[in-house]
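Structural description and commentary
Residue strings, one per chain:
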Amino acid sequence: MHIPVMLLETVDRLKVVRGGTYLDCTLGDGGHSAEILRRGGPSTTLLGLDRDEAALARAKQNLAGFPAKVVYAHTNHAHVAETCDKLGFDQFDGAVIDTGVSSEQLDEADRGFSFRADGPLDMRMDTSHGATAADLVATMSEDELATLFRRLGEEPSARTIAKAIVKRREVSPITTTKDLAAIVEKALGPGAHARKHHPATRVFQALRMKVNHELESVQAAIDAILPRLKPGGRLAVITFESISDRLVKHIFQDHVGKEVSLQQGGSEWQGIEPRVRKTDRHAVVPTIEEVNLNPRSRSAKLRVVVKL
């Protein structure tokens, strides 16, 4: 079963109120939601979103024992605004976005998220539509691939890998995870395995983020959620890549804003409404104990804001 990352750190910071209304934008197996429902009691209402139909099915089973009202929606968290309008949710006491890939998704070879088991090069969170990673690898130019690996994967050898991919696909299509991983390893040469992580880690990250429009989805979700929080309502976001964390950090800082001195005297607040404050000065990271129990949590960062 997928282990919710920083479960207590996240839900503690939400300050769950009895009978409140909550939003889980990335429901997964329902781990964070289960803890919210435990604390909120039977009069709690929760809206759970997930773009993965298999994850929704697992969450429904895992949350079935709670007497609270739980509403499920099969949708990307980028569509929070439309979903809330359609289902009649206008205000929340708290919300969670966990941007990670679940253990089930990583371990299921057919989903194509990992190079540790051979499978089709898919990587879609929602397998019902959209371009796959194989489609991107087959159609993007060398320049586009290099830019993608550099920007979303922060891969220092982006150009070298892009060249190798384009050269190889001229011979035969790249359709499996093992195939792509082998191309990356060969392109990086003998020093590839001196890296801290598998040589293909950054390339797979970049493709997954592009396939699922992850940065755009997080931006859209935060923009939709903050106006829908009640005063004192809280939004918690968990990220797993430095580029995602930087995005969340900058969005939150824009809403925290700053006091700017005026020439005529005094000062005024400048920022983006609605105003928020951070619960912690810096991002919260997993404990050593959690990382030892769940190594996949090691890169996670949690940021939480309170609506003023």
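Let me sum up the structure you'll find in this document.

In this model, the second largest pocket occupies a volume close to 280 Å³. Among the residues forming the lining of the second largest pocket, the class breakdown is four nonpolar, eight polar and four charged.

Our next topic: the pattern of salt bridges. All chains considered together, the criterion is met by 18 salt bridges. For Asp29, the salt bridge identified is with Arg58, shortest N-O distance 2.6 Å. In this pair, Asp29 is assigned in the loop between β1 (21–24) and α2 (31–40) and Arg58 in helix α3 (residues 53–62), connecting sequence segments 29 residues apart. Residue classification places Arg58 among the partly exposed positions, given a relative accessible area of 22%. Between Arg124 and Asp122 there is a salt bridge; the shortest N-O distance is 2.8 Å. For the pair Arg124 and Asp122, one class covers both residues: buried. In this structure, a network of salt bridges that share partners links the residues Asp12, Glu35, Arg38 and Arg39.

Here we come to the sheet that holds strand β9 (residues 301–307). Across the sheet, which stays open at both edges, the seven strands sit in the order β3-β2-β1-β4-β5-β9-β8 with mixed pairing between neighbours. Edge positions in the sheet fall to β3 (69–74) and β8 (276–278), since each of these pairs with one other strand and no more. On average, each strand axis in the sheet is inclined to that of its neighbour by 15 degrees, with strand direction left out of account. Summarising the sheet, strand β2 (residues 45–50) and β3 pair through six bridges and their orientation is parallel. Bridge pairing in β3 places Gly48 opposite Tyr72. Together, β4 (92–98), β5 (229–239) and β9 form the strand contacts of helix α1 (residues 7–14), whose direction differs from that of β5 by roughly 165 degrees.

Quick notes on the rules
- Residues numbered from 1 in each chain as written.
- Predicted model: local features only at pLDDT ≥ 70, side-chain atom pairs only at ≥ 80, totals over all residues.
- Heavy atoms only, no water.
- 1 Å grid on protein atoms, 1.4 Å probe; cavity = no way out; pocket = protein on both sides within 12 Å on 5 of 7 lines; lining within 4 Å.
- Points joined across faces, edges and corners; volume = space filled by probe spheres on them.
- Nonpolar A, V, L, I, M, F, W, Y, C, P; charged D, E, K, R; others polar.
- Salt bridge = Lys/Arg side-chain N within 4 Å of Asp/Glu carboxyl O.
- Helix = DSSP H or I, 4+ residues; strand = E, 2+ residues; numbered from the N terminus.
- Buried < 20%, exposed > 50% of the residue type's maximum accessible area, 1.4 Å probe, protein only.
- Pairing = 2+ DSSP bridges.
- Axes fitted to C-alpha atoms, helices over the stretch in contact; angles between N-to-C directions.
- Contact = heavy atoms within 4.5 Å.

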